[in-house]
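Single-letter residue listing:
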Amino acid sequence: MSDDAVPRPALDPEHFVSLPRPLRVEVVDETTSTNALVVARAKAGEPEGLVIVTEHQTAGRGRLDRVWEAPRGASLTFSILLRPDVAPASWTWIPLLTGYALQAALADRVPEVTLKWPNDVMVGEHKLAGILVERVETDLGPAAVIGIGLNVNQTRDELPTEIATSLRIELEETFDRNPLLAQVLGSFRALLPLLDQPEVLRAAYTDVCATVGRTVDVHLPGGETVRGEVLDLDQYGALVLSTGDGTFTAHAGDVVHVRAAE
Ligand code: BT5
């Protein structure tokens with residue numbers, strides 16, 4: 001059961017020494033944003049596989065200038081550097097692959113965990129984790145900085161919105177974040193080759209994506225909204241909607257929100 005007296009072990013680099021190559025984890029006590037830190041390291045020539053995890057972000061970023069908020073020591077906030085050697089068309093799968101790897105790592109503990117296209121990990125209608133992938137141009141070529149915020153030990157009072165949840169709330173248990181992070185990173189590393197097999201990834205993602213089959217409102221920049229039933233994902237991981245008078249394809253980069261239609 002949850003109990004405020006249960007210790008919350010600090011992040012400890014010792015737990016990450018035997019992760020599969022090329023992953024290597026650095027723990028920092030505090031930073032503005034692990035994405036910002038990894039972007040800077042990518043530009044300075046860092047090889048792929050760097051992971052930076054922090055106890056506290058003072059300016060955590062969401063998509064489209066939204067913010068990611070988590071109290072010190074309660075969650076996992078980390079970023080992974082990749083230098084993907086894949087066709088440009090496969091880049092759009094990176095956030096989806098990341099969500100899939102999180103889902104796969106958590107499903108044993110939380111069987112109800114699903115994915116909300118394009119970048120949310122959900123339990124029912126509640127958001128357990130968010131993903132922010134940034135593409136950075138560097139002297140070594142384009143890099144992907146994959147940021148993940150996973151709510152672990154937050155109590156209801158420590159979450160910023162009603163739609164958020166944490167593992168602690170769902171499972172009534174507090175977690176040592178160290179083995180959890182090692183498991184998530186292991187899952188990510190094991191599934192990474194799927195970037196070269198978009199058809200396999202598409203089938204696997206669709207299987208655990210709660211958005212497919214739903215009627216949703218896709219909010220576009222500029223205020224326009226498109227309503228339709230989600231038929232499928234296309235070969236780039238974009239959402240294909242049936243709108244009544246045809247189909248509409250929504251690309252993750254162009255979407256402000258996807259909400260269940262009222
Ligand atoms: C995301 O954005 O969900 C991407 C979040 C990525 C955060 C990680 S943490 C490590 C790395 N470093 C960073 O600086 N960022 C990444 P988006 O879909 O735009 O969702 C943002 C919205 O989620 C906010 O507007 C809030 O409504 C909500 N939100 C903020 N903090 C949350 C939390 N802890 N749990 C659930 N929802 C949250």
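Residues numbered from 1 in each chain as written. Predicted model: local features only at pLDDT ≥ 70, side-chain atom pairs only at ≥ 80, totals over all residues. Heavy atoms only, no water.

S.K.: Before we go on, may I ask you to explain the pairing of strand β8 (residues 215–219) in this structure?
M.R.: On a regular strand, each side chain points to the face opposite its neighbour's, so the side chains alternate between the two faces of the sheet. Two elements, β8 and strand β9 (residues 225–233), share five bridges in a ladder whose sense is antiparallel. Within the sheet, the bridge partner assigned to His 219 lies in β9 and is Thr 225. Between β8 and β9, which pair antiparallel one after the other, the connecting turn spans five residues, and Gly 222 there sits at a positive phi close to 95°. Sheet analysis places β8 next to strand β12 (residues 257–260), joined by four bridges and oriented antiparallel. Directly across from Val 218, in β12, lies its bridge partner Val 258. (Pairing = 2+ DSSP bridges. Helix = DSSP H or I, 4+ residues; strand = E, 2+ residues; numbered from the N terminus.)

S.K.: Teacher, can you tell me more about the site of the ligand here?
M.R.: Lining the immediate environment of the ligand, one finds 28 residues, of which Ser 33, Gln 57, Arg 61, Arg 66 and Lys 127 sit closest. Contact distances for the ligand include 2.9 Å between an oxygen atom and a backbone N or O atom of Arg 63. Computed on the free molecule, the ligand has an accessible area of 780 Å², of which 92% lies beneath the protein chains in the complex. Of the pockets mapped on this structure, the ligand occupies the largest pocket. Those elements that place two or more of their residues in the shell around the ligand are α1 (34–43), β3 (76–82), β6 (126–138) and β7 (141–150). (Near = heavy atom within 4 Å. Polar contact = N/O pair within 3.5 Å; in protein donor to acceptor, adjacent residues only side chain to side chain. Areas by Shrake-Rupley, 256 points an atom, 1.4 Å probe, with all protein chains shown as cover. 1 Å grid on protein atoms, 1.4 Å probe; cavity = no way out; pocket = protein on both sides within 12 Å on 5 of 7 lines; lining within 4 Å. Sits in = over half its atoms within 2 Å of the grid points.)

S.K.: Which parts of the structure should I look at to understand the pairing of strand β4 (residues 113–116)?
M.R.: Burial of β4 is one-sided: the residues Val 113 and Leu 115 facing one way are buried, the residues Thr 114 and Lys 116 facing the other way are not. Pairing between β4 and strand β5 (residues 120–123): four bridges, direction antiparallel. Within β5, the position partnered with Lys 116 by the bridge is Asp 120. Linking β4 to β5, which pair antiparallel, is a turn of three residues. (Buried < 20%, exposed > 50% of the residue type's maximum accessible area, 1.4 Å probe, protein only.)

S.K.: Would you mind going over the sheet that holds β9 with me for this structure?
M.R.: Two modes of strand pairing occur in sheets, parallel and antiparallel, and in both the strands are linked by backbone hydrogen bonds. Pairing in this open sheet of five strands is antiparallel, and the strands run β11-β10-β9-β8-β12 from one edge to the other. Where the open sheet ends on each side, the last strands, each with one partner, are β11 (247–250) and β12. Direction aside, the axes of adjacent strands within the sheet are offset by 45° on average. (Axes fitted to C-alpha atoms, helices over the stretch in contact; angles between N-to-C directions.)

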